[in-house]
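So you can see what is in the structure, the chains are spelled out below.
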Amino acid sequence: QLPGNQDHINVELEKLKKTHDEQQQKLEERVLALGKELREAKGAVGAGRRRLAEQSAVLLTSQGQLQAVEAENSRLQLWLKELNEEYRSRLAQYIRDVANYMDSKPSSVAGHSKAPAGQAAMKNFVDSMLRDIRASYRSREEQLARAARGYKKRMKDLAKKHENLLIAYGLQREQIRALGMDCGPAELHLCITEPELLTNSSRELNRLREEKAKLEMQLQELRQGLDLVSGHHPNELFCPRLPDEEGGAEVRKKLREFTLHTQENLEQERSQLLTRAVAAEEQVSELQRYIDQHLAR
């Protein structure tokens, strides 16, 4: 029956060829459209990067301007404080001069009112008023000083809590690393960077964390290099080794010992620095209390 069905087969082949050509054309059109979309996406990404670079430049400029404005604001506040002190002293002196003038001026009223009831009544009134003003100023200054000390104490407490959280996070990070899992970002990326909250011990701890992060990066590069040489994945450090892999296992063991030893030294140094920082803060607090109690005297 094949010779009789030859026409039918040819028709079917023509249909298949036509369908194939249509699908091929659609596929080519789809590829062209995807290429166009890809070029547009690349252009959008490039434009976004350019905008990001421009915004970064603007941000850096704004930060510099902000620091300059903050410095100028601090200078103006200090100048305003000095002007207030000068104005206050001048005003007090003017009031005293007026009081002395009024007390020394003879009365022009006849009769019993020629002699004033109190020779220095005006001066006494002015002295009393100035004492009240100075007392109110002193009370307000003490109130502001207490509020500032309370704010600084709260900020120091928050910084200490944050430091304790970082220490706990570092310990958990090492435990997760020992399991061969992703341990998250280093402590260095979570440190406080505000200069007002950084003490000498905090700066030293940040420096140690930076060195630790560099050591971790070097250790990771060494592990990757050794795993590439031995043909194993970096997460297979704790898997059983074959006899011909004893050299690599020994190197990994030494690397782990070096890491643990370095981590232990860093933790000990950090604990010593924290102890010194606590002692220094206590001494500073005692000195501050002594100054607050004896400064007015």
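Note that the structure is a prediction, hence the values are computed from the model and not measured.

**Some details on the overall build of the chain**
Right, on to step 1. On a plain count of helices and strands, the chain comes out with 4 helices and 0 strands.
Right, on to step 2. Starting at the N terminus and walking to the C terminus, you meet the elements of the chain as α-α-α-α.
Right, on to step 3. The buried share of the chain, taken over its 297 residues, is 15%.
Right, on to step 4. Long-range contacts, defined as pairs at least 24 residues apart, comprise 57% of the intrachain contacts of the chain with a sequence gap of at least 6.

**Some thoughts on a positive patch on the surface**
Right, on to step 1. The grouping of Arg96, Arg131, Arg134 and Arg138 at the surface amounts to a positive patch.
Right, on to step 2. Per-element tally for the positive patch: the top contributor is helix H2 (residues 121-178), with 3 residues.
Right, on to step 3. Within the fold, Arg131 resides in helix H2.

**Some points on the pattern of salt bridges**
Right, on to step 1. Counted according to the given criterion, the structure contains 4 salt bridges.
Right, on to step 2. Residue Glu86 is joined to Arg90 by a salt bridge in which the shortest nitrogen-to-oxygen separation is 2.7 Å. One end of the pair, Glu86, and the other, Arg90, are both in helix H1 (residues 6-104), 4 residues apart, so they sit about a helical turn from each other.
Right, on to step 3. Judged by its relative accessible area of 47%, Arg90 falls in the partly exposed class.
Right, on to step 4. When the shortest N-O distance is used, the salt bridge between Lys153 and Asp157 registers 3.4 Å. Of this pair, Lys153 and Asp157 both sit in helix H2, 4 residues apart, which is roughly one turn of the helix.

**Notes on the packing of aromatic side chains**
Right, on to step 1. A complete count under the given rule lists 0 aromatic pairs for this structure.
Right, on to step 2. Over the ring of Tyr137 we find Arg88; its NZ or CZ atom is 3.7 Å from the centre of that ring.

**With respect to the confidence of the model for the chain**
Right, on to step 1. When the pLDDT values of the chain are averaged, the result is 77; 82% of them are 70 or greater.
Right, on to step 2. Low pLDDT, under 50, characterises residues 109-117; the stretch is placed with 3 contacts to residues that sit more than four places away or in other chains.
Right, on to step 3. Note on residues 233-244: pLDDT under 50 across the span, and 15 contacts to partners over four residues away in sequence or across chains.

**Details of H2**
Right, on to step 1. Compared with the 86 Å implied by 1.5 Å per residue over 58 residues, the 85 Å span of H2 between its first and last C-alpha is a close match.
Right, on to step 2. The complete set of buried residues in H2 reads Val126, Asp127, Leu130, Ala159, Glu163, Leu166, Ile167, Gly170, Arg173 and Glu174.
Right, on to step 3. Once H2 finishes, Gly180 follows within two positions and takes phi at roughly 80°, a positive value.

**Things to note about a nonpolar patch on the surface**
Right, on to step 1. On the surface, a cluster of nonpolar side chains totalling about 510 Å² of accessible area is made up of Val98, Tyr101, Met102, Met122 and Phe125.
Right, on to step 2. Elements supplying a minimum of two residues to the nonpolar patch: H1 and H2.
Right, on to step 3. Sort the elements by how many residues they give to the nonpolar patch and H1 lands first, with 3 residues.
Right, on to step 4. Assignment of secondary structure puts Phe125 in helix H2.

**Here we look at the packing of H1 against H2**
Right, on to step 1. For the pair H1 and H2, interaxial distance at closest approach is 7 Å and the crossing angle is 165°. Relative to H2, H1 is oriented roughly antiparallel. Along this stretch, H1 crosses H2, giving a crossing that reads as right-handed. Together, Glu85, Arg88, Ala92, Ile95, Arg96, Ala99, Asn100, Met102 and Asp103 of H1 and Ala121, Met122, Lys123, Val126, Met129, Leu130, Arg134, Tyr137 and Glu141 of H2 make up the contact between the two elements.
Right, on to step 2. Residues of the contact of H1 with H2, tallied by class, amount to 10 nonpolar, 1 polar and 7 charged.

**Section: the environment of Leu165**
Right, on to step 1. Looking at the secondary structure, you find Leu165 in helix H2.
Right, on to step 2. Note: C-alpha distance between Leu165 and Glu187 (22 residues apart in sequence) is 10.0 Å.

The rules behind the values
Residues numbered from 1 in each chain as written. Predicted model: local features only at pLDDT ≥ 70, side-chain atom pairs only at ≥ 80, totals over all residues. Heavy atoms only, no water. Helix = DSSP H or I, 4+ residues; strand = E, 2+ residues; numbered from the N terminus. Buried < 20%, exposed > 50% of the residue type's maximum accessible area, 1.4 Å probe, protein only. Contact = heavy atoms within 4.5 Å. Patch = residues over 30% accessible without salt bridge, like charges linked within 9 Å, V, L, I, M, F, W, Y side chains within 5 Å. Areas by Shrake-Rupley, 256 points an atom, 1.4 Å probe, with all protein chains shown as cover. Salt bridge = Lys/Arg side-chain N within 4 Å of Asp/Glu carboxyl O. Lys, Arg positive; Asp, Glu negative; His and termini not counted. Charge placed at Lys NZ, Arg CZ, Asp CG, Glu CD. Phe/Tyr/Trp six-rings, centres within 6.5 Å; stacked < 30°, edge-to-face > 60°. Lys NZ or Arg CZ within 6 Å of the ring centre and 35° of its normal. pLDDT = per-residue confidence, 0-100. Expected span 1.5 Å × (residues − 1). Axes fitted to C-alpha atoms, helices over the stretch in contact; angles between N-to-C directions. Parallel < 35°, antiparallel > 145°, perpendicular 65-115°, else oblique. Left-handed = near helix turned anticlockwise from the far one by under 90°. Nonpolar A, V, L, I, M, F, W, Y, C, P; charged D, E, K, R; others polar.

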